[in-house]
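# Architecture and fold: a report
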Amino acid sequence: MLKAALFLLGALLLAGVLVAYAPVKALNVLAPVHTHTRTAGLAYGPGPRQQLDVYQPARAAPREGWPVVVFFYGGAWNRGKRGDYAFVGEALASRGILTLVADYRLYPEVRYPDFLRDSAAALAWSLSHAAGLGGNPRRVFVMGHSAGAYNAAMLALDPRWLKQAGHTPRELAGFIGLAGPYDFLPIENPDAKPVFFHPDYPPGTQPLEHASKAAPRSFLGAARDDSLVNPQRSTQGLATRLKTFGVPVTVKFYDRVGHTTLIAAFGAPLRWLAPVLEDVTGFVNGPPER
């Protein structure tokens, strides 16, 4: 009992240190390197932030190709870079998922909806190039955390954005949103206010209002006690709305994690915090048909 208690205490202290001090750098440094091959800086557009990194699984691809996840990170549309999320690319690749982690332009360079246009261009590039990278173009999922989950939700639910890039949400095998803001007006986060022209919000900015029977099957996860994005209003609210249209939805609420540690739990040292990686993997490998 004493050894178990000491081990748990040590694990909790390790999690606290990783979260408090440069968690992204630590998770990336500690990420295994034998699980994948990384190709960095592929351009999906002309700008310096219109690039993505590809994580190909080390294991052999199945005959039809690996399933594909295109991931967008969070940061209140103000901050973030794809290299910070190498641990997410590694985690998914280690489970046999071809993973693309994309940058997109941020405030103050752009405001809504330009970062959605970037995200749509990155997803369109991924749909077009999936087969050439060893992926299955019929098994492409769009995924995001926090503000990135908003981007992913808008691409999956509002056909305007992929249509501008020559594609359609019907090409997607699924949508994965982690701790996403899907219904957040009026905005309280001061970082996000200028992004959406607070208080003069453009119409149609909320993913919840774009839910329809055309939406792809969805996985929605959140920390049960998320102090930044209300999990009941956004995650449960969108899940309930999608279910009213008959869309298959998997909903998971996690204990022992918060808004940031939910995505950090993809990192190898912190996977014990919550089974979010296994749940996402199970969703990706689940039945494709409704």
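Let me sum up the structure you'll find in this document. (Residues numbered from 1 in each chain as written. Predicted model: local features only at pLDDT ≥ 70, side-chain atom pairs only at ≥ 80, totals over all residues. Heavy atoms only, no water.)

So, on to the packing of aromatic side chains. For any pair of aromatic rings, the description consists of the separation of the ring centres together with the inter-plane angle of the planes. Scanning the entire structure with this criterion turns up 19 aromatic pairs. Look at Phe72 and Tyr104: their rings are 6.3 Å apart centre to centre, the planes differ by 70°, and that puts the pair in the edge-to-face class. Here the residue Phe72 occupies a position in strand β3 (residues 66-72), and Tyr104 occupies one in the loop between β4 (98-102) and α4 (114-129), the gap between them amounting to 32 residues. Following the ring pairs from residue to residue traces out a cluster consisting of Trp77, Tyr112, Phe115, Tyr150, Trp161, Phe184 and Phe196. Here the basic side chain of Arg217 rests over the ring of Phe283, its NZ or CZ set 4.0 Å away from the ring centre. (Phe/Tyr/Trp six-rings, centres within 6.5 Å; stacked < 30°, edge-to-face > 60°. Helix = DSSP H or I, 4+ residues; strand = E, 2+ residues; numbered from the N terminus. Lys NZ or Arg CZ within 6 Å of the ring centre and 35° of its normal.)

Quick look at the sheet that holds strand β2 (residues 51-57) now. Here eight strands make up an open sheet; going across it, the order is β1-β2-β4-β3-β5-β6-β7-β8 and the pairing mixed. Each edge of the open sheet is held by one strand with a lone partner, namely β1 (36-43) and β8 (249-254). Taking each pair of neighbouring strands and ignoring which way they run, the sheet shows an average axis angle of 15°. Here β3 pairs with strand β5 (residues 135-145) via six bridges, running parallel. The residue bridging Trp66 from the neighbouring strand is Gly135, located in β5. The strands that helix α9 (residues 276-284) touches are β3, β5, β6 (174-178), β7 (218-223) and β8; relative to β6, the one it contacts most, it runs at about 165°. (Pairing = 2+ DSSP bridges. Axes fitted to C-alpha atoms, helices over the stretch in contact; angles between N-to-C directions. Contact = heavy atoms within 4.5 Å.)

Glancing now at helix α3 (residues 86-93). Across the eight residues that make up α3, a large majority, eight, are buried. The complete set of buried residues in α3 reads Ala86, Phe87, Val88, Gly89, Glu90, Ala91, Leu92 and Ala93. (Buried < 20%, exposed > 50% of the residue type's maximum accessible area, 1.4 Å probe, protein only.)

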